Amino acid sequence: AMKSLCRKALCASLSFVAVCLVIVCSAQAATFCVSDAAGLQAVLTQAASNGEDDTIKIVQGTYTGNFIYSSTEINSLRIQGGYTFECESCVESPSNTILDGNGTGTVLILAASLNANIVVEGLTLQNGFAYQNGGGIYATGCMLSLNNNLVIQNSGGNRGGGISSDSCSCLILTNNIIENNSGHVGGGLSVSGASIVLTNNTIQNNSSEFGGGIYAQRFGAITLTNNVFKGNSAYGWFYGDAGAIGLDGGDRASLMNNKIMKNSSDNRGGGVFATRCTLTLINNLITQNSANFSGGGVCAYENRATVTLTNNVITGNSADTSGGGLSITQYYDETKALIHNNVIWKNIGPEGADLYIQNDGNQNYIPSHVSLFNNDFDQSAAGTYMKIPFAIDPSNLNKADPSFVDAANGDLHLSAGSPCIDVGDNNAPNLPTTDKAGIPRIINGIVDMGAYEYS
């Protein structure tokens, strides 16, 4: 019998969407049903060396321990929670199947040296503690998919209080809740050296010194779509960057249709901090974030390529020094900042309250390129700072009240009569086909400003 797995993995970026595709050709398969902690570890050990594609079905209940899968095979592994007695049926809900690390180690270690495909779904992973990386999950050398899990109250002494991924080629997270985790870098999630796709996750109330919600380093392509980042924090006088999202030294990062709110940092980037990567933000709501230094909503710092913001709402953010809403620092003459169709409104900061642009970071008096069209922001000296000033195009609105439906309660749709309706740029870079709510992006011939099209 053939006991080999033929698979092909593709990690690429296509139209700003990262894709991790796994194609399984053929293999023998083994299925296990476990109902106690000792049995779970036993089948993880067996699956690591049986030469088969394995599925481990876990009966509902609480499993206390620190579980390890360590394999040098290319065979795949699927771990599924929610099963009834003897695995007769499944009700997938992370609340009914709990892996508890008991504060004595990482809850689940997944090590696959040959880039095997691993899927974990329908579990709660809680109370893990790692002296180094990954209190809830530590993954290395694999293609990892996490679906419909709850990762809560874990801690790591170094990277990834909740989840740490190191040298995995692809990381895909869908419909997970990552909450109340802490670590030195990446309180909720830390990723190094992977292409990353996060969709429909809630990442909240995590903390670290860098990247309170997530931290990604040396990534290939990262795509964050329809996620909620709320109440995360980055602390410490020396680090303290990236309250919710920290992107450091990767290729391309695309953030679309996310809600980034009430995050904080002791230094830069209360909501988003990105450096040394191409950064694209489309249809995001970035609101009520704060930074003790710069970039309360977004801080793009020392980016060597292009920073693009199209149809975002950046409102109610604050910074104690500069760029309450948006701070962009361009150190290289060839870098570009493309800012189109955004509502940047009522942010707070002593210098550049709405918009802070350092377009001559290397101080050679040659300004980096800034494209600033069809936005709504405060164009006064208090609202906008530019290191090397340039004329603001008349397509931009000057401190016009966007007339949100109910900003106090988070409804940032445009109401009837808003000056931001039908005044955007249909040729804005990376203009999406739909708005944050999924309705057509252009309804009345001309695109609106902000994340929502008026309907």
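Here, the structure is the one placed above.
Residues numbered from 1 in each chain as written. Predicted model: local features only at pLDDT ≥ 70, side-chain atom pairs only at ≥ 80, totals over all residues. Heavy atoms only, no water.

A. Examining unusual backbone geometry more closely. The phi angle at asparagine 341 is positive, at roughly 65°, despite the residue not being glycine. Its place among the elements puts asparagine 341 in the loop between strand S42 (336–340) and strand S43 (343–345). (Helix = DSSP H or I, 4+ residues; strand = E, 2+ residues; numbered from the N terminus.)

B. Looking closely at the side chain of serine 195. On the secondary structure map, serine 195 appears in strand S22 (residues 195–199). According to the relative accessible area criterion, serine 195 is buried, its value standing at 8%. For serine 195, the side chain forms a polar contact with the main-chain nitrogen of alanine 221, separated by 3.4 Å. (Buried < 20%, exposed > 50% of the residue type's maximum accessible area, 1.4 Å probe, protein only. Polar contact = N/O pair within 3.5 Å; in protein donor to acceptor, adjacent residues only side chain to side chain.)

C. Looking closely at the nonpolar core. If you look at the biggest cluster of nonpolar residues, it comprises 79 residues, and the most contacted ones within it are Leu110, Ile245 and Leu247. Examining the composition of this core, we find that four residues originate from one element, helix H1 (residues 37–47), more than from any other. Aside from chain neighbours lying at most four places away, what touches leucine 247 is Ala216, Phe219, Ile222, Ala253, Leu255, Phe273, Ala274, Thr275, Cys277 and Leu279. (Core = buried A, V, L, I, M, F, W, Y, C linked by side-chain atoms within 4.5 Å. Contact = heavy atoms within 4.5 Å.)

D. Local environment of the sheet that holds strand S29 (residues 245–248). Read from one edge of the open sheet, twelve strands run S6-S9-S13-S17-S21-S25-S29-S33-S37-S41-S44-S47, paired in parallel fashion. A strand with exactly one partner marks an edge of an open sheet, and here the two such strands are strand S6 (67–71) and strand S47 (384–386). Neighbour-to-neighbour, the strand axes of the sheet open up by a mean angle of 5°, direction not taken into account. Sheet topology places strand S9 (residues 108–112) next to strand S13 (residues 137–140); four bridges connect them, and they run parallel. Along S13, the bridge assignment pairs isoleucine 109 with tyrosine 138. Packed on one face of the sheet, H1 meets S6 and S9 and runs near 10° to S6. (Pairing = 2+ DSSP bridges. Axes fitted to C-alpha atoms, helices over the stretch in contact; angles between N-to-C directions.)

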